[in-house]
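Listed below are the residues making up each chain.
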Amino acid sequence: MKTINDFNFKDKKALVRVDFNVPQDDQLKVADNTRISAVKPTVDKILNDGGSVILMAHLGRPKGEAKDEFSLKHITGEVSQVLGREVKFVEDSIGEKAVQAASEIKPGEILLLENLRFHNEEEKGDRDFAQKLSQLADAYVNDAFGTAHRAHASTAVIAEFFPSTKFFGLSMTDELKAIDKVLKSGEKPVTAILGGSKVSTKITIIENILPAVDNLIIGGGMAFTFIKALGGKVGNSLIEEDKLSLALEILGKAKEHKVKVYLPSDVIIAESFSNDAERQESDIYTIPEGWMGLDAGPKSRDQFNDVLLNSRTILWNGPIGVFEMSNFAAGTIALGDSIAEATKLGAFSLVGGGDSVAFVKQFGYEDRVSYVSTGGGAMLESLEGLELPGVAAINK
Ligand code: AMP
């Protein structure tokens, strides 16, 4: 893997693709700067070498039009504050103004280009646009894991114009190493926890990770399709009728790979999909008619805890209950505690993809797990075993 640590940027201009697609409040102020602080190590390394940094990013979906609300000028102040250095801003990413601004920056300085998606060519992966961007600098760095699954001009196509000076940034390197640590070089036993609502969105992930894991915990809404396929009565719980045979197939494949599968044995059931609904505990195979399972029960939590405390590598994707409703969050909280405890005991834990990342942030587990991925779609595609265009372009 060719990273920026393999290169000395002295007197070089580096064009760094970053993921600054940050949430903003009504005043367009940055509401969460995690994605900005993620690229600080990369920026520091280049500047400390004596190089200069040209940041390029997208924000929102301006669909090829220069719209003020999507301008990166609104976040330049925050970028400057987080990076701890002055950041200059230029109102376009290509053309005269961009060329002029890029030619004027000196070693130790940072320039932020305007939203790449003000040009339709960015998302189309247009080669001419990529070439114009490439002319602004001597080296290309991709530190935007969150967009690495897109074959856009700035995330993939541009790399061809830097055949010997294209590198992974440090945040991107961490993401790729974390995935590798789980799927390739993870210390055994490796345990994956897959939760969330539907089997259909997780099938490819399950199939891809089976050869790599020792234990597979299946929780959340998707567990009921497995339980029904195994002959259980699941009442009104979330179910995908057309995935019943697939669920059995997956269990068969797991057996072939000698993967131990853990499904919840008990659940917290409710009379309706509401936080105030009447609720009680139930065996997962005998949920009464009219009731639905919305959280893992206490026996399941204990069992998952045992598995996790005996694991050396943990991957977590998807909540195991409807944690958005406080009365059904306890199972996912217990799971978070178990993963945190296992991590304390020396296991490597990666939380990746969508709602489990939201959970970890909201409930304060961020510093109690080894790694929280910043890239939703990119992480999911990596777990599915797909080669991300942004990664391939640099490896090529
Ligand atoms: P996903 O985007 O597929 O990872 O699904 C995440 C969603 O699954 C969350 O919003 C949870 O509320 C939901 N979820 C978890 N457990 C259940 C359940 N037992 N029934 C319905 N939805 C669930």
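Residues numbered from 1 in each chain as written. Predicted model: local features only at pLDDT ≥ 70, side-chain atom pairs only at ≥ 80, totals over all residues. Heavy atoms only, no water.

Engineer: It is not clear to me how the overall build of the chain should be interpreted in this structure. Could you clarify?
Structural biologist: A tally of helices and strands in the chain yields 15 helices and 15 strands. What you see for the chain is a C-alpha radius of gyration of 23 Å, in line with the 21 Å of a compact globule of 396 residues. In terms of overall dimensions, the chain has a C-alpha envelope of 70 × 40 × 40 Å along the principal axes. Across the 396 residues in the chain, those meeting the buried criterion constitute 56%. The long-range fraction of contacts in the chain, counting pairs at least 24 apart against all pairs at least 6 apart in sequence, stands at 73%. Of the roughly 16800 Å² of accessible surface on the chain, a fraction of 46% belongs to carbon and sulfur atoms. (Helix = DSSP H or I, 4+ residues; strand = E, 2+ residues; numbered from the N terminus. Rg over C-alpha atoms; globule rule 2.2 N^0.38 Å. Buried < 20%, exposed > 50% of the residue type's maximum accessible area, 1.4 Å probe, protein only. Contact = heavy atoms within 4.5 Å. Areas by Shrake-Rupley, 256 points an atom, 1.4 Å probe, with all protein chains shown as cover.)

Engineer: Where do I start with unusual backbone geometry in this structure?
Structural biologist: Among all residues save glycine, negative phi is the norm, and among peptide bonds the norm is trans. Of note, the bond from K188 into P189 is cis; its omega dihedral lies within 30 degrees of zero at -5 degrees. Within the secondary structure, P189 is located in the loop between helix 7 (170-183) and strand 7 (190-194). One non-glycine residue, D11, adopts positive backbone phi at about 60 degrees. For D11, the location among the structural elements is in the segment before strand 1 (13-17). D11 sits in the exposed class, given a relative accessible area of 55%.

Engineer: Mind showing me how you'd approach the pairing of strand 4 (residues 110-113) here?
Structural biologist: Working note: regular strand, side chains alternate between the two faces of the sheet. Side chains I110 and L112 project from strand 4 onto one buried face, and the interleaved L111 and L113 project onto a second face that is buried too. Bridge analysis of strand 2 (residues 52-56) against strand 4 gives three bridges, and the strand direction is parallel. When the bridges of strand 4 are listed, V53 appears paired with I110. Read as a crossover between parallel neighbours, the route from strand 3 (residues 87-90) over helix 4 (residues 95-104) to strand 4 is right-handed. (Pairing = 2+ DSSP bridges. Right-handed = clockwise from strand over helix to strand, strands pointing away.)

Engineer: How do you make sense of the side chain of R301 when you look at a structure like this?
Structural biologist: Along the polypeptide, R301 turns up in helix 11 (residues 298-309). A polar contact of 2.9 Å, which involves the side chain of R301, links it to the backbone oxygen of A296. Not counting the four nearest positions on each side in its chain, R301 is found in contact with I268, D295, A296, A330, G331 and A334. (Polar contact = N/O pair within 3.5 Å; in protein donor to acceptor, adjacent residues only side chain to side chain.)

Engineer: Whenever I open this one, the domain arrangement of the chain confuses me. Can you help?
Structural biologist: Domain parsing of the chain yields domain 1 (4-173) and domain 2 (186-383). Between the C-alpha centres of domain 1 and domain 2 there is a distance of 37 Å. Across the contact, seven residues belong to domain 1 and 10 residues belong to domain 2. For the pair domain 1 and domain 2, the summed buried surface comes to about 670 Å²; carbon and sulfur atoms form 56% of the total. When the area that domain 1 buries against domain 2 is broken down by residue, the three leading residues are T34, F145 and H149, summing to 64%. (Domains from an automatic or database assignment. Buried area = accessible area lost by both parts, 1.4 Å probe.)

Engineer: So what exactly am I meant to see when it comes to the site of the ligand here?
Structural biologist: Neighbouring residues of the ligand: 14 residues in total, closest S197, K202, G293, E324 and D355. One nitrogen or oxygen atom from the main chain of G221 is found 3.2 Å from a nitrogen atom belonging to the ligand. Taken together, the residues of the shell around the ligand break down into five nonpolar, six polar and three charged. (Near = heavy atom within 4 Å. Nonpolar A, V, L, I, M, F, W, Y, C, P; charged D, E, K, R; others polar.)

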